[in-house]
Amino acid sequence: MSASPLVSPTPATPTFRATVESWMRDFQDRLCQQLEQADGTGEFLTDAWQHHQSGGGRTRVLTEGAVLEKAGVAFSAVAGEMSTQAAQLLHMPNPAFFATGVSVVLHPRSPRVPIAHMNVRYFEAGDGQAWFGGGLDLTPIYVDEAQARWFHEQIQAVCQRHEVASYPRFKQWADDYFFLPHRQETRGVGGIFFDRLTVGKDGSADALFAFVQDVGNLFGPTYTELMRQNQALPYGSAETQWQLVRRARYAEFNLAFDRGTRFGLETGGRTESILMSMPPRAEWHYNRVPAPGSPEAATLAWLRKGVDWVSSTPNADSLA
């Protein structure tokens, strides 16, 4: 897709920066089309915005769809200079920055359809350092072992196509990152996470970008297939209440630990876009413990680090 960048490139990497930004913009368009088609009735509304220093983005949100109760797909390309405190907090080598990326969070209506997250991003610091980051993960309300295995197999296949990627390393990174230490549980069944894959150190710009593109392109077909498989499964009030409890855990992670949320808030980003990942409804109950042997207890048994989804047959009982 040909489009002029939202942010004027620096002399150091004008062509590459514009290429990455243009792909991110086009990727947002394509993913929204895929999700609308899979949902059947929902449509994304576009909210274009400008950053207070330079650049801006497009936040697209779908609400009250047939399958998706709330879906957010946000593109941004922003530049500026952080405060010294923010740069130190985010371990930035230089307070000047350029950042572009797409962030996705999907909250389905049915507790049988998993919550999903994906983001791909590119950063440049003022001293010339540049890196990519991203990942995707799945948060089922009720873990389906076969579907979790299939999800990880798709990710592993993408990683195996790129020398700059390592599924075991990035999978462990996701286990460690998407973890609620105060709950001692993972957010879901994981996926992959990678941060600061630095141009030069971790691979060429083109090789890293090719991997990030494949990660982004994997998400739409994979998640819409899970939508198709699960959207018609029956559920009742008990399953809906458990969904609201699990959504609350999702909100806890995003508000307390998510680096993208922190980066956006610390750099004066647009609050509505940053917090689009929040579920439309959630509940907190005091000391809510599922009954032993219940489907809810079975799901909690999976929410541990180190489940080997692709090399052996996982056993939730062994993880407790």
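For clarity, every value in this text was computed on a predicted model and none was experimentally measured.

A. Fine view of the overall build of the protein chain. Helix and strand counts for the protein chain come out as nine helices and nine strands. With the principal axes as the frame, the protein chain shows a C-alpha extent of 60 × 40 × 35 Å. Relative to its 320 residues, the protein chain shows a buried fraction of 54%. For the protein chain, restricting intrachain contacts to residue pairs at least 6 apart in sequence, the fraction spanning at least 24 positions comes to 68%. If you sum the accessible surface of the protein chain, you get close to 13900 Å²; carbon and sulfur atoms cover 50% of it. When the 28 basic and 34 acidic side-chain charges of the protein chain are each reduced to a single mean position, those positions are 3 Å apart.

B. Quick peek at unusual backbone geometry. Phi angles above zero are rare outside glycine, and Gln184 is one such case at about 55°. As for its position among the elements, Gln184 is in the loop between strand E7 (179–180) and strand E8 (185–186). Within the chain, Arg196 stands out as a residue other than glycine whose phi angle is a positive 55°. For Arg196, the location among the structural elements is in strand E9 (residues 190–198). Given the relative accessible area of 28%, Arg196 is considered partly exposed.

C. Looking closely at the sheet that holds strand E2 (residues 54–63). Taking strand neighbours across the sheet as the criterion, the seven strands line up as E1-E2-E3-E4-E5-E6-E9 in an open arrangement whose pairing is antiparallel. Of all the strands in the sheet, just strand E1 (45–50) and E9 have a single pairing partner and so form its edges. Put simply, the sheet's adjacent strands are angled 5° from each other on average, direction ignored. Packed on one face of the sheet, helix H3 (residues 145–160) meets strand E6 (130–139) and E9 and runs near 25° to E9.

D. Spotlight on the packing of helix H1 (residues 14–39) against helix H5 (residues 205–230). Between H1 and H5, the least distance of the axes is 10 Å, while the angle of their chain directions is 5°. Between H1 and H5, the angle falls in the class roughly parallel.

E. Representation of the packing of H3 against H5. Orientation of H3 relative to H5, taken along the N-to-C sense of each, is 160°, at an axis distance of 10 Å. The angle between H3 and H5 falls in the class roughly antiparallel. The element H3 and its partner H5 pack so that their crossing is right-handed. In this structure, H3 contributes Gln147, Trp150, Phe151, Gln154, Ile155, Val158 and Cys159 to the contact, and H5 contributes Phe211, Asp214, Val215, Leu218, Thr222, Glu225, Leu226, Gln229 and Asn230. Grouping the constituent residues of the contact of H3 with H5 by class yields nine nonpolar, five polar and two charged.

How each quantity is defined
Residues numbered from 1 in each chain as written. Predicted model: local features only at pLDDT ≥ 70, side-chain atom pairs only at ≥ 80, totals over all residues. Heavy atoms only, no water. Helix = DSSP H or I, 4+ residues; strand = E, 2+ residues; numbered from the N terminus. Buried < 20%, exposed > 50% of the residue type's maximum accessible area, 1.4 Å probe, protein only. Contact = heavy atoms within 4.5 Å. Areas by Shrake-Rupley, 256 points an atom, 1.4 Å probe, with all protein chains shown as cover. Lys, Arg positive; Asp, Glu negative; His and termini not counted. Charge placed at Lys NZ, Arg CZ, Asp CG, Glu CD. Pairing = 2+ DSSP bridges. Axes fitted to C-alpha atoms, helices over the stretch in contact; angles between N-to-C directions. Parallel < 35°, antiparallel > 145°, perpendicular 65-115°, else oblique. Left-handed = near helix turned anticlockwise from the far one by under 90°. Nonpolar A, V, L, I, M, F, W, Y, C, P; charged D, E, K, R; others polar.

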